[in-house]
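Listed here are the chains, written in short residue letters.
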Amino acid sequence: MRAGPDTGALAGLVVAGLAALGAFLLGLGWRLRQKARADDADAPSATNAARRLAYAYTLQGAGVAVLYLSIFSAYRLYGLLTPPWAFVLLAVVCAAAAALALLQNAVALAFIGFAGGYAAPILLSTGSNAIGSLLAYYLLLNVGVVVLAYARAWRALNLLGFFASFGVLSLW
């Protein structure tokens, strides 16, 4: 991108368009999920209903991933967000993905949400040695994993929490 007076506005439009795409994918996935559940009551074909639900969850997971990427690009590529705001927005996306996953009983959606949550401090690292903040954030994420583990027996999410926490902290 060339430097000029319109660069900031163009970057903002790109990031807003990316965020709108993520929100659209989330909404479309939610809508298709509702339609698949309604059609499931009418049709006895469990295979088609399961495929439609899997597709709806995939769209929602893609929406969460696009939201993560839009926040990351707004921070790292375009400098539109400060580190605290980017961090808060990434944490909100993680919490929203966890809530949607719990509401829909979708382990893949929870996995995508928490994977982005665990990656957030790495993506937003400024090189400062704030180990206390990192530990506090990972404690909050792990409490979220424990809450979800209490509500649902999602082994993949438990393993993600374990390996992501200890992997990042041992690399620290």
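Residues numbered from 1 in each chain as written. Predicted model: local features only at pLDDT ≥ 70, side-chain atom pairs only at ≥ 80, totals over all residues. Heavy atoms only, no water.

Caption draft 1: Highlighting the packing of aromatic side chains. For the structure on display, the rule yields 6 aromatic pairs. Taking 5.3 Å as the distance between ring centres and 70° as the angle between the ring planes, the aromatic pair formed by Tyr-118 and Tyr-138 counts as edge-to-face. Taken together, the residues span a long stretch of sequence, with Tyr-118 in helix α4 (residues 107–123) and Tyr-138 in helix α5 (residues 131–151) at a distance of 20 residues. For Tyr-118, a relative accessible area of 2% translates into the label buried. Ring geometry for Phe-162 against Phe-163: centres 5.1 Å apart, planes inclined by 80°, an arrangement best described as edge-to-face. For Phe-162, a relative accessible area of 45% puts it in the partly exposed group. (Phe/Tyr/Trp six-rings, centres within 6.5 Å; stacked < 30°, edge-to-face > 60°. Helix = DSSP H or I, 4+ residues; strand = E, 2+ residues; numbered from the N terminus. Buried < 20%, exposed > 50% of the residue type's maximum accessible area, 1.4 Å probe, protein only.)

Caption draft 2: Examining the packing of helix α3 (residues 83–104) against α4 more closely. Between α3 and α4, whose axes approach to 8 Å, the crossing angle comes to 160°. It follows that α3 is roughly antiparallel to α4 by the angle criterion. Crossing geometry of α3 relative to α4 is assigned as left-handed. Together, Phe-87, Leu-90, Cys-94, Ala-97, Ala-98, Leu-100, Ala-101 and Gln-104 of α3 and Leu-109, Ala-110, Gly-113, Phe-114, Gly-117, Ala-120 and Pro-121 of α4 make up the contact between the two elements. (Axes fitted to C-alpha atoms, helices over the stretch in contact; angles between N-to-C directions. Parallel < 35°, antiparallel > 145°, perpendicular 65-115°, else oblique. Left-handed = near helix turned anticlockwise from the far one by under 90°. Contact = heavy atoms within 4.5 Å.)

Caption draft 3: Up close: the nonpolar core. Of all hydrophobic cores here, the largest spans 34 residues; its most connected members are Val-64, Phe-114, Tyr-118, Tyr-138, Leu-141 and Leu-157. Looking at this core, the elements that each hand over two or more residues are α1 (7–42), α2 (46–77), α3, α4, α5 and α6 (155–171). In this structure Tyr-138 touches Tyr-118, Pro-121, Ile-122, Ala-164, Ser-165, Val-168 and Leu-169, once residues within four positions along its chain are discounted. (Core = buried A, V, L, I, M, F, W, Y, C linked by side-chain atoms within 4.5 Å.)

Caption draft 4: Representation of the environment of Tyr-57. Here Tyr-57 lies in helix α2. Filtering out sequence-adjacent residues up to four positions away, Tyr-57 remains in contact with Arg-33, Arg-37, Gln-104 and Ala-106.

Caption draft 5: Highlighting the environment of Ala-16. Here Ala-16 is to be found in helix α1. The sequence separation of Ala-16 and Ser-70 amounts to 54 residues, and the corresponding C-alpha distance is 7.8 Å.

Caption draft 6: Quick look at the layout of surface pockets. When its volume is computed, the largest pocket comes out at roughly 450 Å³. Residue lining of the largest pocket: 18 residues in total, with Pro-121, Leu-124, Ser-125, Ser-128 and Ala-130 positioned closest to the centre. Those elements that place two or more of their residues in the lining of the largest pocket are α3, α4 and α5. The residue makeup of the lining of the largest pocket, split by class, is 12 nonpolar, 6 polar and no charged. Approximately 190 Å³ is the volume attributed to the second largest pocket. If you go around the second largest pocket, you meet 13 residues; those closest to its centre are Cys-94, Ala-95, Phe-114, Leu-141 and Gly-144. Listing elements by their share of the lining of the second largest pocket, those giving two or more residues are α3 and α5. Of the residues that constitute the lining of the second largest pocket, the class distribution is 12 nonpolar, 1 polar and no charged. (1 Å grid on protein atoms, 1.4 Å probe; cavity = no way out; pocket = protein on both sides within 12 Å on 5 of 7 lines; lining within 4 Å. Points joined across faces, edges and corners; volume = space filled by probe spheres on them. Nonpolar A, V, L, I, M, F, W, Y, C, P; charged D, E, K, R; others polar.)

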